[in-house]
Amino acid sequence: DAGVTQSPTHLIKTRGQHVTLRCSPISGHKSVSWYQQVLGQGPQFIFQYYEKEERGRGNFPDRFSARQFPNYSSELNVNALLLGDSALYLCASSPGTGQGYEKLFFGSGTQLSVL
Amino acid sequence: DAKTTQPPSMDCAEGRAANLPCNHSTISGNEYVYWYRQIHSQGPQYIIHGLKNNETNEMASLIITEDRKSSTLILPHATLRDTAVYYCIVRASNFGNEKLTFGTGTRLTIIP
């Protein structure tokens, strides 16, 4: 079975541009979360979506938005890119049964560089 | 979610047991202890989790103290492929809560 897939794997943008990152969860998983990992730090939670509804939001500006589609895939959008948005963006999926102790499965991430 | 404290780095000889400590002195009764690891250039990988009993799976063992204020992840026979950053995370078991709060973790280096 395929794991969590993210695209693209690498991306270079310039300041002020917009970017869309994509994530396909493991088959059967209904919950998708997004994390940002800046070099040298642990991942930071951005969003969680379950059944197309936002279930959680981290401390990120409104330039960051996301959505989940009927097939449970997800997009993360970042507007007006800043140099500080350069990071590895990770997507994670889980079955989403809501048991509260489910493990997350992470993709390999999209490395975004903002110049 | 409760805060965790881990040593920034550790070394372990190949073939020996690697014991990674984690302090979570403010843990609440409904919070689980999770361990993930991140090998260079990959996404984090789930290792194990527990509430208050010791747990073991094919990857590792998790020992949680009786007062639940600290825990130890044990990799019984470390290999070079276990070189990674290991994150100890405490998370409440609320319905639908899947937010993981990562710290800076422990960088484990397995020495040949």
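A quick note: this is a predicted structure, and the numbers were derived from the prediction, not measured.

(A) Spatial organisation of the overall build of chain A. A tally of regular secondary structure across chain A gives 0 helices and 11 strands. When its helices and strands are written in sequence order, chain A yields β-β-β-β-β-β-β-β-β-β-β. A compact globule built from 115 residues would reach a C-alpha radius of gyration of about 13 Å, and chain A, at 13 Å, matches this within 12%. Seen along its three principal axes, the alpha-carbon backbone of chain A occupies a region of about 40 × 30 × 30 Å.

(B) Representation of the side chain of R68(B). Residue and element names in this part refer to chain B. Along the chain, R68 falls in the loop between β6 (61-64) and β7 (70-75). E31 is the oppositely charged side chain nearest to the buried, salt-bridge-free R68, at an N-O distance of 6.0 Å. Here the side chain of R68 touches E31 through a polar contact of 3.1 Å, landing on its backbone oxygen. Within polar-contact distance, the side chain of R68 engages the backbone oxygen of L51 at 2.4 Å. Sequence-distant contacts of R68, defined by excluding residues within four places in its chain, comprise H24, I27, S28, G29, N30, E31, L51 and K52.

(C) Fine view of the pairing of strand β3 (residues 31-38) of chain B. Residues and elements named next belong to chain B. Taking burial as the measure, the 8 residues of β3 include 8 buried ones, the bulk of the element. Here β3 shows a buried face lined by E31, V33, W35 and R37 and a second buried face lined by Y32, Y34, Y36 and Q38. Direction of pairing for β3 relative to strand β8 (residues 84-92): antiparallel, over a ladder of 8 bridges. Residue pairing across strands places Y36 opposite Y87, the latter belonging to β8. With 5 bridges connecting them, β3 and strand β4 (residues 45-50) associate as antiparallel partners. Bridging from a neighbouring strand, W35 pairs with I48 of β4. Here β3 folds back onto β4 in antiparallel fashion, the turn holding 6 residues, of which S41 has a positive phi close to 70°.

(D) Geometry of the interface of chain B and chain A. Each partner contributes residues to the interface: chain B has 22 residues there, and chain A has 25 residues. Around 1800 Å² of area is buried between chain B and chain A when both sides are counted, 52% of it from carbon and sulfur atoms. Between chain B and chain A we count 0 salt bridges in total. For the interface between chain B and chain A, the tally reads 4 residue pairs in polar contact (both at pLDDT 80 or more). Secondary-structure elements contributing two or more residues to the side of chain B that touches chain A are β3, β4 and β8 of chain B. By residue number, the principal contributor to the side of chain B that touches chain A is β3(B), which donates 4 residues. Looking at the side of chain B that touches chain A residue by residue, the classes come out as 10 nonpolar, 9 polar and 3 charged.

(E) Molecular detail of unusual backbone geometry. Residue P8(A) is bonded to the preceding S7(A) through a cis peptide linkage, with omega at -10°. Relative to the elements of secondary structure, P8(A) occurs in the loop between β1 (5-7) and β2 (10-13). At Y72(A), a position not held by glycine, the phi torsion is positive, near 75°. Tracing the chain through its elements places Y72(A) in the loop between β7 (64-68) and β8 (74-78). What makes Y72(A) partly exposed here is its relative accessible area of 21%. For R68(B), which is not glycine, the phi torsion reads 65° and is therefore positive.

(F) Representation of the sheet that holds β7(B) within the structure. All names here are of chain B. What the 4 strands build is an open sheet, ordered β2-β7-β6-β5; its pairing is antiparallel. Lying at the two open borders of the sheet, with one neighbouring strand each, are β2 (18-23) and β5 (55-56). Bridge count between β5 and β6: 2 bridges; the pairing is antiparallel. From the neighbouring strand, T56 faces β6, where its bridge partner is S61.

Parameters and conventions
- All chains use their own residue numbering, which begins from 1 and follows the written sequence.
- Here chains are named by letter from A upward and ligands by number from 1 upward, in the order in which they appear as written.
- Local features in this predicted model are restricted to residues whose pLDDT is 70 or higher, and side-chain atom pairs enter the listing and the counts only when it is 80 or higher, whereas totals over whole chains, interfaces and linings include all residues.
- Hydrogens and water are ignored here; the side-chain numbers use all heavy atoms of the structure.
- Helix and strand definitions here come from DSSP, where helices need a minimum of 4 consecutive H or I residues and strands a minimum of 2 consecutive E residues; each element is numbered from the N-terminal end.
- Throughout, radius of gyration means the C-alpha value; the globule benchmark is 2.2 Å times the number of residues raised to the power 0.38.
- Each residue gets one of three labels from its accessible area relative to the maximum for its type: buried under 20%, exposed over 50%, partly exposed in between, using a 1.4 Å probe on protein chains only.
- Residues scored as charged are limited to Lys and Arg (positive) and Asp and Glu (negative), so that His and the chain ends carry no count.
- Whenever Lys or Arg places a side-chain nitrogen within 4 Å of a carboxyl oxygen from Asp or Glu, that contact is recorded as a salt bridge.
- Residues adjacent in sequence count toward polar contacts only when both atoms are side-chain atoms; beyond that, a polar contact is any pair of N or O atoms within 3.5 Å, and within protein one must be able to donate a hydrogen and the other to accept it.
- Contacts: residue pairs with any heavy atoms within 4.5 Å of one another.
- By this definition, two strands are paired if DSSP reports at least two bridges between them.
- As a working definition, buried area equals the accessible area (1.4 Å probe) given up by two parts on being put together, with both sides summed.
- Polarity classes work like this: nonpolar for Ala, Val, Leu, Ile, Met, Phe, Trp, Tyr, Cys and Pro, charged for Asp, Glu, Lys and Arg, and polar for all others, with Gly in that last group.

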